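Architecture and fold: a report
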Amino acid sequence: MKLGEDCSLSFQMWAEKYRPKTLVEMVDQKEIVERLRSFVGSRNVPHCIFAGPPGTGKTTAALCLARDLYGAAYREYIMELNASDERGINVVRETVKTFARVRSIGEIPFKVMVLDEADNMTSDAQQALRRTMERYTETCRFILIANYSGKIIEPIQSRCAPFRFTYLPREEQDRHLRLIAEKEKLNLLDDGLDAIFEVCGGDLRKAINTLQAAASLNKPIDAKAVYSIAGKAHPADVRKMIETAMGGNFSEARKQLRVMIQKYGVAGSDIIRQIHTEIFRSAVPEPWKIKLADIAGEIDYRLVEGADEEVQLSALLARLVEAGYELKETI
Amino acid sequence: MYAAWTIKHKPKSLKDIVGNKEAIRKFVDWVKSWGRDSPKRKAAFLYGPPGIGKTITVEAVANDFHMELVEKNASDYRTEDAIKHFAGLASQYGSLFGGKRIILLDELDGLTGTADRGGVKATIEVVKMAHCPVVLIANNAYNPRFSTLRKYCILIEFKKPPAGAVMKHLKRICLLEGIQAEENALKFIAQRSEGDVRSAVNDLQALAQGKKRLTYEDVSWLGYRDRQETIFTVLKMIIYSKTCEGAKKAVRMADVDLDMLFQWIYENVPAHLTDPHDLANAMYALSMADVYRGRIRRTRDWSFMRYIIDFMTAGVAMARVNTKPSGWIPFKFPQRIRMLSRSKTERAMQLSIGYKIKRRSHVSAIRASKEILPYLRIIFKNNAEMAAGLAKWLDLDLRMVEYLAGSNKKSKDIIELLS
């Protein structure tokens, strides 16, 4: 049985519901939008890389571009593939090729392939992709979306027009959130907006998800509501873990780390970034700060290489225990 | 001074030998076939695993048939010269005293390498010239080195006697030594020997000599003697070793694979290295071991394995500088693995919800399960109406709704709205 077949209720995720449909609706990223609109005007699109942090409109820009280019039936001309879910070389060989080589019928002689989270593709798959891009340029244009363009191999980068997306400025994010609040008839308070920006820092998807979760509480959305949502959504309390470690309880700190990684799926790189920030705020002796930063950097690099997150971060936690001990000794 | 029981109680006669009845009959028939003329095959090649009575059978035959046994080990006739001298003996029809002679070339497996070049060839010469039975013994007759030699021989295979037969032999020895042995004690020794009668007799002597009674208790510890050490002993050796070599050696004794051993060490280091400096250094060594594991993965070059072992054993042991010994601390099963297996179903559920989200929102399933699912969870806990709407929009199934709502009551509210 399908759930809710006869049910009239319908709620979408607001991040989808309020996703801009055309380039002019895009939130901020003005220069990028200008260039993309000029592609639409000339009915031609080069291969592109959209790089930038999450929630800044990369996927939206690709979808808007397609819609502006092909009109309402744009779905027939684009294919969206997510490299995180299908990042192997076989996907490139089979799916991408099959799509890329078939000429489209219509006014515009090429189709658009959107490869989302392309920085998660293996380098083998990227090599295969590079040849496919070259061979089928006539019939297919690629838009590669990535958080870090550095993870895209050089030969692909050199074939693509680069677009760098940046975090949304505060006023743009606020404007968009206010718009949603108005349409959904929410009581969004100013300090609530402050808090959302503090928590989400220009990641619009995260901001909208936070707003929707806060709205589900059926109370005015103030700072308190927002912080409680943020705390529940990401119970990864890195600061608490650092305190536990510096207090000398390694085993407990490691347990907290394990829960973060295994239960809440927090990425090791996020944890280490927060630890790095905390190091310089902490009270450890000055020489220890740079020593810890050195270790954090080394461990960060190992994580990029694909080492075991828990084992590596535990090594860092053990150093924090050591630093905490030194701190007590000096007082 | 005690004599070795393997010699003291060596069967003198064929009737005392346990097992291999078939092989012995075949061998005796062949020896008997030596009359005035030599049989077609002048040598018998007895082969089989060690300690099951090959040599003893030949000796017992010589004894029972009153033959002179001329015995040489491979180590005695390595050179061609030595063998030629030996061949002289073999070529004579009988001994000085008119009796028959039987020639035994034992431990043929020992003829190895270039140093023994010619040894096998010379052995063939001995067999060719022989005018009396020549017996060859090796563990493996099918070694390619013996391929020519085999053509001149009748092959007789000796097999491991069953535990019951070994036990019978042990019982006989106990009787002769005046030891009262419990049945299951002897059974234990016999089974453990896996058909190697010689090692069973050695074990019996080690355990029972000088005793009037042999109980099961007396022998049961034998099981631990050379079996792979238990994980606790291994961990103790690694974490408390004073030398690198000692810590590294422990890996060979572990009966778990290297990854699992790593998890055991990783779990237990903090409780046993309590000094903060020691702990930090030990954890750093473990992280290095992990780095090499990654390097193997990337390069597919397994020779890096040795560095994993270095860091996870010696690296940990050498980190131990300031920690003072503090009595007995138990070793714990890796909690990480316990938690991983517990959360496996949960992660699968999260990912399946992630795929539902992906269908609607241009995000990978993995990212959705990590970044969007937490917000859904809050909504499903707080707002049945919005949850129901989203459940419909995302096409979630009953189990997914229950998972996100977290409690029966809340999921019931949501499901009611949906029906």
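See the structure shown above.
So, a few notes on the structure that sits alongside this text. The model shown is predicted, which means the values in this text are computed figures rather than measured ones. (Residues numbered from 1 in each chain as written. Chains lettered and ligands numbered in written order. Predicted model: local features only at pLDDT ≥ 70, side-chain atom pairs only at ≥ 80, totals over all residues. Heavy atoms only, no water.)

Either a parallel or an antiparallel arrangement is found when strands of a sheet pair, and the pairing is made through backbone hydrogen bonds. All names here are of chain A. The sheet built from five strands is open, its strands ordered β2-β3-β4-β1-β5 with parallel pairing. This sheet does not close on itself; its edge strands, each paired only once, are β2 (78–82) and β5 (161–164). Strand-to-strand twist across the sheet, computed as the mean angle between neighbouring axes with direction ignored, equals 15°. Strand contacts of helix α2 (residues 30–42): β1 (48–51) and β5, with the helix running at about 145° to β5, the strand carrying the most contacts. (Pairing = 2+ DSSP bridges. Helix = DSSP H or I, 4+ residues; strand = E, 2+ residues; numbered from the N terminus. Axes fitted to C-alpha atoms, helices over the stretch in contact; angles between N-to-C directions. Contact = heavy atoms within 4.5 Å.)

Glancing now at the environment of A215 of chain A. By the element assignment, A215 of chain A lies in helix α9 (residues 204–215). What makes A215 of chain A buried here is its relative accessible area of 8%. Not counting the four nearest positions on each side in its chain, A215 of chain A is found in contact with W14, L186 and I221 of chain A together with N383 and M386 of chain B. (Buried < 20%, exposed > 50% of the residue type's maximum accessible area, 1.4 Å probe, protein only.)

All names here are of chain A. Running from N to C, helix α13 (residues 268–281) and helix α15 (residues 309–330) point in directions that differ by 15°, and their axes come no closer than 10 Å. Between α13 and α15, the interaxial angle falls into the category roughly parallel. Judged by the twist between their axes, the crossing of α13 over α15 is left-handed. For the pair formed by α13 and α15, the contact residues are G268, I271, I272 and I275 on the first element and E309, L313, L316 and L320 on the second. Class assignment of the residues belonging to the contact of α13 with α15 gives a composition of six nonpolar, one polar and one charged. (Parallel < 35°, antiparallel > 145°, perpendicular 65-115°, else oblique. Left-handed = near helix turned anticlockwise from the far one by under 90°. Nonpolar A, V, L, I, M, F, W, Y, C, P; charged D, E, K, R; others polar.)

Here the structure, examined in full by the defined rule, presents 17 aromatic pairs over all chains. Their ring planes at 10° and their centres at 4.6 Å tell us that Y70 of chain A and Y77 of chain A sit as a pair that is stacked. A relative accessible area of 13% means that Y70 of chain A is categorised as buried. Taken together, a centroid distance of 5.2 Å and an interplanar angle of 35° make the contact between Y292 of chain B and Y307 of chain B tilted. On the criterion of sequence distance, the pair formed by Y292 of chain B in helix α15 (residues 276–299) and Y307 of chain B in helix α16 (residues 305–319) is long-range, its members being 15 residues apart. The class for Y307 of chain B is partly exposed, based on a relative accessible area of 31%. A network of ring pairs unites the aromatic residues F39, F50, F163 and F165 of chain A as a single cluster. Between R141 of chain A and the ring centre of F110 of chain A, over which it is positioned, the NZ or CZ distance is 4.2 Å. When the ring centre of Y266 of chain B is taken as reference, the NZ or CZ atom of R254 of chain A above it lies at 4.5 Å. (Phe/Tyr/Trp six-rings, centres within 6.5 Å; stacked < 30°, edge-to-face > 60°. Lys NZ or Arg CZ within 6 Å of the ring centre and 35° of its normal.)

This paragraph deals with helix α17 (residues 335–361) of chain B. Residues and elements named next belong to chain B. Helix length check: α17, at 27 residues, gives a terminal C-alpha distance of 36 Å against a target of 39 Å (1.5 Å per residue), a fit within 8%. S343 marks the point of greatest bend in α17, at about 40°. For α17, the set of buried residues is R336, M339, S343, M349, Q350, I353, G354, K356, I357 and S361. In the segment just after α17, H362 is the residue with positive phi, at about 50°. (Expected span 1.5 Å × (residues − 1). Bend = angle between axes of the 7 residues up to and from the residue.)

The next subject is the interface of chain A and chain B. Contact with chain A, which involves 66 residues of that partner, is made by 62 residues of chain B. Both faces combined, the contact of chain A with chain B buries some 5700 Å², and carbon together with sulfur accounts for 57% of it. Summed over the shared surface of chain A and chain B, the number is four salt bridges. Here D308 of chain A ties to R336 of chain B by a salt bridge, and the two come within 2.7 Å at their closest N and O atoms. (Buried area = accessible area lost by both parts, 1.4 Å probe. Salt bridge = Lys/Arg side-chain N within 4 Å of Asp/Glu carboxyl O.)

Attention shifts here to the sheet that holds strand β3 (residues 101–106) of chain B. Residue and element names in this part refer to chain B. What the five strands build is an open sheet, ordered β2-β3-β4-β1-β5; its pairing is parallel. The sheet is open, and its two borders are formed by β2 (68–73) and β5 (153–157), each paired with just one other strand. Pairs of neighbouring strands in the sheet enclose a mean axial angle of 20°, with direction left out of account. Alignment of β2 against β3, held across six bridges, turns out to be parallel. Bridge pairing links L69 to I102 in β3.

Further remarks concern the side chain of R336 of chain B. Summarising the element assignment, R336 of chain B is placed in helix α17. A residue is classified by how much of its surface remains accessible, and R336 of chain B, at 12% relative accessible area, is buried. Side-chain polar atoms of R336 of chain B contact the side chain of E310 of chain A, separated by 3.1 Å. For R336 of chain B, the residues in contact, after removing those within four places along its chain, are R258, Q262, D308, E310 and V311 of chain A together with Q263, Y266 and E267 of chain B. (Polar contact = N/O pair within 3.5 Å; in protein donor to acceptor, adjacent residues only side chain to side chain.)

This paragraph deals with a positive patch on the surface. On the surface, a cluster of positive charge is made up of K219, K224, K232 and K263 of chain A together with K381 and K410 of chain B. In this structure, K219 of chain A sits in the loop between α9 and α10 (223–233). For K219 of chain A, a relative accessible area of 53% translates into the label exposed. (Patch = residues over 30% accessible without salt bridge, like charges linked within 9 Å, V, L, I, M, F, W, Y side chains within 5 Å. Areas by Shrake-Rupley, 256 points an atom, 1.4 Å probe, with all protein chains shown as cover. Lys, Arg positive; Asp, Glu negative; His and termini not counted. Charge placed at Lys NZ, Arg CZ, Asp CG, Glu CD.)

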